[in-house]
Amino acid sequence: MVTIAKKRVFVAGHRGMVGSAIVRHLKRDGDVELVVRTSSELDLRDQAAVRDFFRNERIDHVYLAAAKVGGIHANNTYPAEFIYENLMIQSNVIHQARQAGIEHLMFLGSSCIYPKHAQQPIVEEALLTGELEPTNEPYALAKIAGIKLCESYNRQYEVDYRSVMPTNLYGPGDNYHPVNSHVIPAMIRRFHEAKESGADSTVIWGTGKVRREFLYVDDLAAACVLAMNLPRDVYYSIASERCSHLNVGSSVDYTVREIAEKVARTVGFDGTIEHDLSKPEGTPRKLMSSAKLASLGWEPRVTLDEGLVSAYSDFLESEALVAH
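Now for a look at the structure at hand. (Residues numbered from 1 in each chain as written. Predicted model: local features only at pLDDT ≥ 70, side-chain atom pairs only at ≥ 80, totals over all residues. Heavy atoms only, no water.)

What follows covers the pattern of salt bridges. For the structure shown, the criterion picks out 21 salt bridges. The closest approach of N and O atoms between Lys292 and Glu125, which form a salt bridge, is 2.8 Å. Residue Lys292 is located in helix α10 (residues 291-294), and its partner Glu125 is located in the loop between β4 (104-108) and α5 (137-157); the two are separated by 167 residues in the primary sequence. Overall, the relative accessible area of 44% leaves Glu125 in the partly exposed class. The salt bridge involving Asp160 is made with Arg162; its shortest N-O contact spans 2.8 Å. Overall, Arg162 belongs to the buried group, its relative accessible area being 2%. Here the residues in one salt-bridge network are Arg8, Glu33, Arg37 and Glu57, joined through shared partners. (Salt bridge = Lys/Arg side-chain N within 4 Å of Asp/Glu carboxyl O. Helix = DSSP H or I, 4+ residues; strand = E, 2+ residues; numbered from the N terminus. Buried < 20%, exposed > 50% of the residue type's maximum accessible area, 1.4 Å probe, protein only.)

The next point concerns the nonpolar core. It is characteristic of soluble globular proteins that their nonpolar side chains tend to be buried jointly. Core analysis: the largest hydrophobic core is formed by 39 residues, its most contacted members being Phe10, Phe54 and Leu105. Elements that contribute at least two residues to this core include exactly β1 (7-12), α2 (47-56), β3 (61-64), α4 (79-99), β4, α5 and β5 (160-166). Per-element tally for this core: the top contributor is α5, with 6 residues. Ignoring anything within four residues of it in the chain, the contact list for Leu105 reads Val62, Val93, Ile94, Ala97, Cys150, Asp160, Tyr161, Arg162 and Met228. Core analysis: the second largest hydrophobic core is formed by 32 residues, Tyr63, Met106, Cys224 and Val225 among them. (Core = buried A, V, L, I, M, F, W, Y, C linked by side-chain atoms within 4.5 Å. Contact = heavy atoms within 4.5 Å.)

Considering only enclosed or pocket space, the second largest pocket measures out at about 190 Å³ in volume. Every residue lining the second largest pocket is listed: His25, Arg28, Asp218, Asp219, Ala222, Leu226, Leu296, Gly297, Trp298, Glu299, Arg301 and Val302. Looking at the lining of the second largest pocket element by element, the count peaks at 4 residues for helix α7 (residues 217-229). The residue makeup of the lining of the second largest pocket, split by class, is 5 nonpolar, 2 polar and 5 charged. (1 Å grid on protein atoms, 1.4 Å probe; cavity = no way out; pocket = protein on both sides within 12 Å on 5 of 7 lines; lining within 4 Å. Points joined across faces, edges and corners; volume = space filled by probe spheres on them. Nonpolar A, V, L, I, M, F, W, Y, C, P; charged D, E, K, R; others polar.)

So far we have only geometry, and geometry alone does not tell us how the molecule works.
Right under this line is the structure:
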């Protein structure tokens, strides 16, 4: 009997929210051999370490989900770290993967790559057509560089490096830091703590009028695996050499106030929600068109209300682990 070797798949950033979701999806498929390394085992900012890793491991596919990420406060406070670390991680992984002869790679970007005032819903071709949102410009520039790095290696070396641009994500494995986290996890913590303390009110940043789109992270993982495994001619029937990335979103957006009210109901906080108008709000609206990916049969499966219940459960579990 002939044994067919499983594809060896390296998920960079497997402990993060996105990487862990991709790992969960690949494990369910069962036809791959997963290769993972913690940051202490492999510093992706270290070019020599990444080179040696790819030389020593026979890798078939790479999912590049490792990144330095954070919310609007973190991006505003640590711009140098956000641009430097992300440029180093993606440059090392993409370059050394090519050096090792790896033909298939998936780069995970961000919807912040698009201009602050892009026409809604945002199509992939809007990239580089206007000014970026200043609060996360360094992070956005690093992600744009990652897309163009993949496209350049495809053109020069005829590899198949693809990119997906997810909208705002939430779900299991999120970062619930009280200051440096994204919108939904920050609200989950804030409303939970307000409920536990018996507070009559709590505060969210800004007017609450800006609009945001959210996607449950396991829906993104399904999209990543689908996009990675599409035949080359099918993928490039909807993407192109100079616009090779695909948007991944829910195609539904809400005001931040609406999100806050949904989170409050999920957590069980029934106090007043107030607004701190001195805080930044970011881009006025950021709804992406996922029509290209949808044309191939992908669609999100988890509604926001369902996802918030799961995210709150994950928060409670993470808090219980910290307590013990």
